[in-house]
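# Results of the structural survey
Chain by chain, the residues:
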Amino acid sequence: MSPITAWEKLQQNLHGEDFQQIYNDHFPIEVRQLLSPWFETKAWTEIDPDNLEHEGYIKGLFVSFVDEIVSKSNSMVNNEQFVSKLKLIDTAKLYKEKYSQNPKELIRIIKKCLESESLMAQQNNSLMEVNVKSSQELENIEIMQQMELISNHITHTNEIRMTIQSDIDSFNILYSECSKCTQHLQHMRNQRMSIPQGPEIERKLKQEKELYEGQLKTQSLSLNNALCVYINKLNESLNLLSPVQAHIIDKALIQWKREQQLAGNGYKYMKDIDVIQTWCEKLCDLIWITRSQIKEADRFRVNLGRYFELPQSCEIINTLLDMTTQYLSSLVASTFVIITQPPQVLKTNTRFVAEVRLLIGGKLNIHMTSPVVKVSIVSESQANQIIGRNKPDGESCGEILNCTGKMEYQPVQRHLSTNFRSMQLKKIKRTEKKGTESVMDEKFSILFSSKFFIGNELQFEVWNLSLPVVVIVHGNQDPHAWATVTWDNAFAEPGRVPFNVPDKVPWRNVAEALNMKFSAATGRGLSEESLTFLAEKAFRMQNVDFNHMVLSWSQFCKEPLPQRSFTFWEWFYAVMKITREHLKGPWTDGAIMGFIRKSDAEEMLTRYATGTFLLRFSDSELGGLTVAWAGSNDSDAYSLHPFSAKDLSIRNLADRLLDLPYLTKLYPDIDKNQAFGKYYTQPPNISTPVTSNGYLKPLLVTHVPGWGGPGTNGQGMNSYPNTPQNHMFHVNSPGNCSIRETSSVHSEPVNNMMAFGNDSLEMDFSSNLNDISHVDEAFF
């Protein structure tokens, strides 16, 4: 499924009557639909019409709203849009006349409508989740009902078997009596001259023999018919088993495996492997019972064949027996699954784990033999050979330590599994590269295999290949390796030739994969605006409908971005990494706008009050987060040099923002302390204590030369109080330059023990302006 806009998602979650209930003439639904992108850029949850501090922002928001309606109406030039255009013009006129003097009333109406939207969508989402759960429960019920039907059929077939066995026993007794009579008759014929009553006895024996033979003929016909009925019932059992097994193996297990692969990109499992195991165990019982019944039919055939011919029964029974063996083999092979996949980016000489399980391992006494599982690593070509032969022949292109383990049975969970807790890849043999290929493009797979017997008559060799694995030797290969893995996980098709994936993919599918990956890593997904920003970056173009465009693998992670030394994926990966490791809380809260161009951010900020700031990911530096804020003049906006992951590991984002008092409101109008206060490591304005050895403990702070910092009154361009202005640092044309972050040490004396009195100390490190990380390290 491709990503869609927030408004499209809302339309999917709400019904027509829901929209009719929410909207009215005061806020026409046509306005909501046509201006949906504009609505999604505003932080409606943070706006309080009754808060006096929000009045200025609300007035600006009202003007922007009306202007947006007028702009949208002016853009409608087609005849088909004529009615909508008139509706927008009338609405803009109505709003100006009715709400110009009281804009907060309109904002209150809009906010209420949007809140109603959100509430109804949540309720419908909950209902959808219940429906999904109900759908899975319904599937479980249907499968169990089919198995119950098969079980009843097998029970009835077993009753026929027992009747046949009883009839065979009766037939054997009758045949024995007939044989005795025949022997006695033959004896009397040999002795007829010596026994006076011989002819009479012979006559009676002959009659008795004929009676036995008639009964045997009747019973043989009856047994032949009964055996035919029994064989037909066995065939019906297999016909009933076939679609159930196909559903479990070809649909449920394949879907689970596909979801497991998507989970590598952050997808949440829907299928429960334990539920599938229950199905497999029940199915295994039914197949085994059917197989036993077929073997009984073969025994009947052999026993009755001594007395009379059973045409074609031998061929039919053998065919049914082969079918059950094939069903059982397919079930055993398909249920040898990898529960915990090896890491898809695998670093040499690094310990890794994996777990395999035989879902029917608790059945057929398989667990009594403790099968051994072997592990090896194979190349893409070797994986293809294994699948072609349907058998591993010891292929390996590397050396793995601790690569064997016995399957152990946990009776409570009914799990027959092997946990590999300390495997390690020591060596790898790579194939020759072609063209622009790199080692991070090459895919391997971890092969798990085992052999065991069932019932001392059936030997099985099971194996399974892991998801594609990219082998690296150094951490700097991580980004490209994860690009290979992410692309494969997202776009691999079931039943493919390993490990083929398309070279070009529709952007909507790429956007879905990026959103899934980012959401899983950081706790919050990407908005439609963020995805549009990413599309513009990936395609190196703007103002285009990307929904029908395809993105190539080369554009994704091979070709550097314009005027940059890194690719689109490297930029995205670095952003995701710094967000996951240092910005997860603020990002999840929605305090980081992130995906917006520098020029757009600064243009937006010029319309807001002085000190309003936003946080965006740097375009020029990998994994950089920069602060943009509105200056004192309407046309002024500034951007701080990006914070790197190293910067934020030394002093977190919230504390760095706290260090800059001229940053007061998070865009659009949220108090800084309200947005970031819970992430401060210490309350502001706390004196630095004296340590036990009598030294003052320095505090690392963020300071922009020429701007106010900690200890100032926050009034714009002032330096620290009682500190001479340092003219080495000055701000050049703030409207069109970036300010480089510098660091300073801020100490405060305790009890006037220092000769500096109550003046604060500031040290500027001009020599380290181009190596700020060095300064941070020295004073952390």
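Residues numbered from 1 in each chain as written. Predicted model: local features only at pLDDT ≥ 70, side-chain atom pairs only at ≥ 80, totals over all residues. Heavy atoms only, no water.

On to the overall build of the protein. Looking only at helices and strands, one finds 22 helices and 22 strands in the protein. By residue count, 45% of the 780 residues in the protein fall in the buried class. For the protein, long-range pairs separated by at least 24 residues make up 68% of all intrachain contacts whose partners lie at least 6 apart in sequence. Looking at the protein as shown, the accessible area adds up to about 39,100 Å², and 50% of this sits on carbon and sulfur atoms. (Helix = DSSP H or I, 4+ residues; strand = E, 2+ residues; numbered from the N terminus. Buried < 20%, exposed > 50% of the residue type's maximum accessible area, 1.4 Å probe, protein only. Contact = heavy atoms within 4.5 Å. Areas by Shrake-Rupley, 256 points an atom, 1.4 Å probe, with all protein chains shown as cover.)

With 83 residues, the main nonpolar core has Ile276, Val332, Leu358 and Phe448 as its most contacted residues. It is helix α8 (residues 198-263) that provides the largest number of residues to this core, a total of 17 residues. Residues contacting Val332, with those up to four places away along its chain left out, are Leu358, Ile360, Phe452, Ile454, Phe460 and Val462. Counting 63 residues, the second largest nonpolar core, distinct from the first, contains Trp487, Leu561, Ile578 and Tyr680. (Core = buried A, V, L, I, M, F, W, Y, C linked by side-chain atoms within 4.5 Å.)

With that settled, the discussion passes to the packing of helix α9 (residues 273-305) against helix α10 (residues 313-334). Axis angle and axis distance: for two packed helices, these are the angle between their axes and the distance between the axes, and together they describe the pair. Following both chains from N to C, one finds α9 and α10 inclined at 160°, their axes separated by 10 Å at the closest point. Judged by the angle between their axes, α9 and α10 are roughly antiparallel. Between α9 and α10 lies a crossing whose hand is left-handed. Seen from α9, the contacting residues are Cys280, Leu283, Cys284, Ile287, Trp288, Thr290, Arg291, Ile294, Lys295, Ala297, Asp298 and Arg301; seen from α10, they are Ser313, Cys314, Ile317, Asn318, Leu320, Leu321, Thr324, Thr325, Tyr327, Leu328 and Leu331. (Axes fitted to C-alpha atoms, helices over the stretch in contact; angles between N-to-C directions. Parallel < 35°, antiparallel > 145°, perpendicular 65-115°, else oblique. Left-handed = near helix turned anticlockwise from the far one by under 90°.)

For helix α6 (residues 82-99), which comprises 18 residues, the first-to-last C-alpha distance of 26 Å matches the rise-based estimate of 26 Å (1.5 Å per residue) to within 8%. Within α6, the full set of buried residues consists of Leu88, Thr91, Ala92, Tyr95 and Tyr99. Taken around the axis of α6, the buried residues stretch over an arc of 100°, which confines them to a single face. Away from its buried face, by an angle of more than 90 degrees, α6 presents the exposed residues Val83, Asp90, Lys93 and Glu97. (Expected span 1.5 Å × (residues − 1). Arc of directions from axis to C-beta.)

Side chains of Phe82, Val83, Leu86 and Ile89 sit close together on the surface and give an oily, nonpolar patch of about 390 Å² of accessible area. With respect to the helices and strands, Phe82 occurs in helix α6. (Patch = residues over 30% accessible without salt bridge, like charges linked within 9 Å, V, L, I, M, F, W, Y side chains within 5 Å. Salt bridge = Lys/Arg side-chain N within 4 Å of Asp/Glu carboxyl O.)

A few words on the pairing of strand β9 (residues 444-454). β9 sits mainly inside the fold: 9 of its 11 residues count as buried. Two elements, strand β4 (residues 372-379) and β9, share 7 bridges in a ladder whose sense is antiparallel. Following the sheet pairing, Ile377 is matched in β9 by Ile446. Where β9 and strand β10 (residues 458-465) come together, 8 bridges link them in antiparallel fashion. Pairing of Ser450 across the sheet is with Val462, part of β10. The antiparallel hairpin formed by β9 and β10 contains 3 residues in its connecting segment, where Gly455 sits at a positive phi of about 65°. (Pairing = 2+ DSSP bridges.)

On to the packing of aromatic side chains. Overall, the coordinates contain 33 aromatic pairs when judged by the stated rule. On the numbers, 5.4 Å between centres and 20° between planes, the contact of Phe539 with Phe546 is stacked. Of the residues examined, Phe539 reaches a relative accessible area of 5% and is grouped as buried. One Lys or Arg, Arg524, reaches over the ring of Trp587 and ends 3.8 Å from the middle of that ring. Between the NZ or CZ atom of Lys537 and the centre of the ring of Trp571, over which it lies, the distance is 4.6 Å. (Phe/Tyr/Trp six-rings, centres within 6.5 Å; stacked < 30°, edge-to-face > 60°. Lys NZ or Arg CZ within 6 Å of the ring centre and 35° of its normal.)

Once that is clear, we can look at the pattern of salt bridges. A complete count under the given rule lists 22 salt bridges for this structure. For the salt bridge of Arg108 with Glu105, the shortest nitrogen-to-oxygen distance reads 3.0 Å. Linking Arg108 with Glu105, this pair stays in helix α7 (residues 103-190), spanning 3 residues, or about one helical turn. Between Asp274 and Arg357 there is a salt bridge; the shortest N-O distance is 3.1 Å. A residue pair is termed long-range when its members are at least 10 positions apart, and Asp274 in helix α9 and Arg357 in strand β3 (residues 351-358) qualify at 83 residues.

Let's shift gears to the confidence of the model for the protein. Per-residue confidence for the protein gives a mean pLDDT of 82; residues scoring 70 or more make up 82%. pLDDT under 50 marks residues 1-5. Its contacts with residues more than four places away, or in other chains, come to 13 contacts. Residue range residues 711-780 is modelled with pLDDT below 50. Its contacts to residues more than four positions away, or to other chains, number 132 contacts. (pLDDT = per-residue confidence, 0-100.)

We now examine the packing of helix α14 (residues 528-539) against helix α16 (residues 568-582). Closest axis-to-axis distance for the α14/α16 pair is 9 Å, and the angle between their directions is 145°. In this structure, α14 uses Phe533, Leu534, Lys537 and Ala538 to contact α16, whose residues at the interface are Phe568, Trp571 and Phe572. Class assignment of the residues belonging to the contact of α14 with α16 gives a composition of 6 nonpolar, no polar and 1 charged. (Nonpolar A, V, L, I, M, F, W, Y, C, P; charged D, E, K, R; others polar.)

Here the focus is the sheet that holds β4. Read across the open sheet, the 4 strands follow the order β6-β4-β9-β10; overall the sheet is antiparallel. The sheet is open, and its two edges are formed by β6 (404-406) and β10, each paired on a single side. For this sheet the average axis-to-axis angle between neighbouring strands, irrespective of direction, equals 25°. In the packing of helix α11 (residues 380-389) onto the sheet, contacts are made with β4, β9 and β10, and the angle to β4 comes to roughly 125°.

Spanning 12 residues, α14 covers 16 Å between terminal C-alpha atoms, matching the ideal 16 Å at 1.5 Å per step. In terms of burial, α14 is a largely internal element, 10 of the 12 residues being buried. Turning to α14, its buried residues are Glu528, Ser530, Leu531, Phe533, Leu534, Ala535, Glu536, Lys537, Ala538 and Phe539. For α14, the secondary structure elements touched by its buried residues are α13 (507-522), β13 (550-552), α15 (553-557) and α16.

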